[in-house]
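Residue-level structure breakdown
Listed below are the residues making up each chain.
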Amino acid sequence: MNSLRSEDDSLVDFLRAHAPVDSGPPHWLEERVVARAQMKTKTVRLLVVSAVAASLLAYVGLRPKVGLEPKSDELRVFVEKSWDDMFLDEMDMEMQQALAMAGE
Amino acid sequence: MLISKNERIFRGFYRSHVSRIRSTLLRLVGAENLDDLTQEVFLKIWKGMDKVQSDQSIASWIYRVTVNVAMDHLRTNKSQKSRMTIDLDAVGKCEMEAHENKQLVLTALNNLDFDRRSVLVLHDLEQLTETEIAEMLEIPRGTVKSRLFSARKKLRSFLKESGVSL
């Protein structure tokens, strides 16, 4: 047991004495790291702002145009009506819940 | 205590930990891509630094992030034969024998699979305890012990075959 322990000690001593150690980062690395971190934060903020803006637009009834518009008028009316019904029903429910909570 | 996420604190964090992180990465994956991997580690640190709860958990968390980045790197570069080498410029005026021993240690580490290598590097070189490593890598302490035992056995045999008397 003791000899195993000392074998381990010798190995660890050798590893510690000869393990590679970094000679230091290049001088530009700190600025690069900070710039990339800030960029990441800005991207996240932009995504959050976009999501909030999209929600607000949807709330006031302006929805973004989608690329695939139905070609026939009948179909377009049907799609818009279904979308409005679904959206307005949801709005009504939310309004009712908010009023109930406010004790109206 | 949460660490607030601002540039000044982040720079302080970088300056305090960059050497240790780079040395750990160097021992886990070699000198190639060291700058890129260091950036990856710090971006992950930036992303999570406001969630760290205490000073005590910072060191352990930094090691965890570093090991994960090294592991992801090796996983994505699996097809390329990983070859750990020393940057000759970094060796500078070191004696040739010392350089040979350094290269020998790197080659010996490279001969271990990542699971054993990471445990050996964290325990024998970074001097973390078995309990800390077990918590960090989310494995039982017994597994840490057995990986350390077999890693040392393999290293000892490799070094003896290479003419090193321990």
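Everything discussed here concerns the structure shown above.
Just so you know, the residues in each chain are numbered from 1, in the order the chain's sequence is written. For this description, chains carry letters from A and ligands carry numbers from 1, given in the order in which they are written. Residues qualify for local features only when their pLDDT is at least 70, as the model is predicted, and side-chain atom pairs are given and counted only at 80 or more; totals for whole chains, interfaces and linings, by contrast, use all residues. To obtain the side-chain values, all non-hydrogen atoms of the structure were included, while hydrogens and water were left out.

This part is about the overall build of chain A. Across its full length, chain A carries three helices and zero strands. Within chain A, buried positions represent 15% of all 104 residues. Only the protein chains shown count as cover for residues, and all accessible areas are computed by the Shrake-Rupley method using a 1.4 Å probe. Of the roughly 8,400 Å² that chain A leaves accessible, carbon and sulfur atoms contribute 63%. Helix and strand labels come from DSSP, where a helix needs a run of H or I of at least four residues and a strand needs a run of E of at least two; each type is numbered from the N terminus. Between buried and exposed lies partly exposed: a residue is buried under 20% and exposed over 50% of the maximum accessible area for its type, with that area taken using a 1.4 Å probe on protein chains only.

For the rest of this paragraph, the subject is the packing of helix α1 (residues 7–29) of chain B against helix α2 (residues 34–48) of chain B. Residue and element names in this part refer to chain B. An axis is simply a line fitted to the C-alpha atoms; with a helix, the fit covers only the stretch in contact. Between two such axes, the angle follows the N-to-C directions and lies from 0 to 180 degrees. With their axes 9 Å apart at the nearest point, α1 and α2 run at an angle of 130° to one another. In terms of orientation, α1 lies oblique with respect to α2. Two packed elements cross with a definite hand, and for α1 against α2 that hand is right-handed. Contacts between α1 and α2 involve F10, F13, Y14, H17, V18, I21, R22, L25, L26 and V29 from the first element and L34, D35, L37, T38, V41, F42, I45 and W46 from the second. Lys, Arg, Asp and Glu make up the charged group, whereas Ala, Val, Leu, Ile, Met, Phe, Trp, Tyr, Cys and Pro make up the nonpolar group; the residues left over, Gly among them, are polar. Across the contact of α1 with α2, the residue classes break down as 14 nonpolar, two polar and two charged. Oblique is the label for any angle not covered by the other classes, which are roughly parallel (under 35 degrees), roughly antiparallel (over 145) and roughly perpendicular (65 to 115). It is the rotation of the near helix from the far one that decides the hand of a crossing: anticlockwise by less than a right angle makes it left-handed, clockwise makes it right-handed. Any two residues having at least one pair of non-hydrogen atoms within 4.5 Å are treated as being in contact.

All names here are of chain B. Aromatic rings from Phe, Tyr and Trp, taking only the six-membered ring of Trp, are treated as a pair when their centres fall within 6.5 Å; an angle between ring planes under 30 degrees marks them as stacked, one over 60 as edge-to-face, and anything in between as tilted. Under the definition given, this model contains three aromatic pairs over all chains. When the ring of F10 is compared with that of F42, the centres are 6.3 Å apart and the planes differ by 75°; the resulting orientation is edge-to-face. With F10 in helix α1 and F42 in helix α2, this residue pair connects regions lying 32 residues apart in the sequence. Summarising the burial analysis for this pair, F10 and F42 share the class buried. Relative to F42, the ring of Y14 lies with its centre 4.9 Å away and its plane at 50°, an arrangement referred to as tilted. Within this pair, whereas Y14 is found in helix α1, its partner F42 is found in helix α2, the two being separated by 28 residues in sequence. A residue is classified by how much of its surface remains accessible, and Y14, at 4% relative accessible area, is buried. Here a set of aromatic residues connected by ring pairs shows up, and it is made of F10, Y14, F42 and W46.

When a carboxyl oxygen of Asp or Glu is within 4 Å of a side-chain nitrogen of Lys or Arg, the pair counts as a salt bridge. As enumerated under the stated definition, the model contains 18 salt bridges over all chains in all. Between A:E7 and B:R156 there is a salt bridge; the shortest N-O distance is 3.5 Å. Of the two residues, A:E7 is situated in helix α1 (residues 2–18) and B:R156 in helix α8 (residues 141–161); the pairing between them involves two chains. On the basis of relative accessibility, which here comes to 32%, the residue A:E7 falls in the partly exposed class. The shortest N-O distance in the salt bridge between B:E130 and B:R141 comes to 3.3 Å. With B:E130 in helix α7 (residues 130–137) and B:R141 in helix α8, this pair connects stretches of sequence that are 11 residues apart. Overall, B:E130 belongs to the buried group, its relative accessible area being 15%. Linked through salt bridges whose partners overlap, the residues forming this network are A:E7, A:D8, B:D124, B:R152, B:R156 and B:K160.

Residue and element names in this part refer to chain B. Close contact between α7 and α8 brings their axes to 8 Å; oriented N to C, the two are set at 110°. By the criterion of interaxial angle, the relationship of α7 to α8 is roughly perpendicular. When you trace α7 past α8, the crossing you get is right-handed. Two secondary-structure elements touch here, α7 through E130, T131, I133 and A134 and α8 through R141, V144, K145 and L148.

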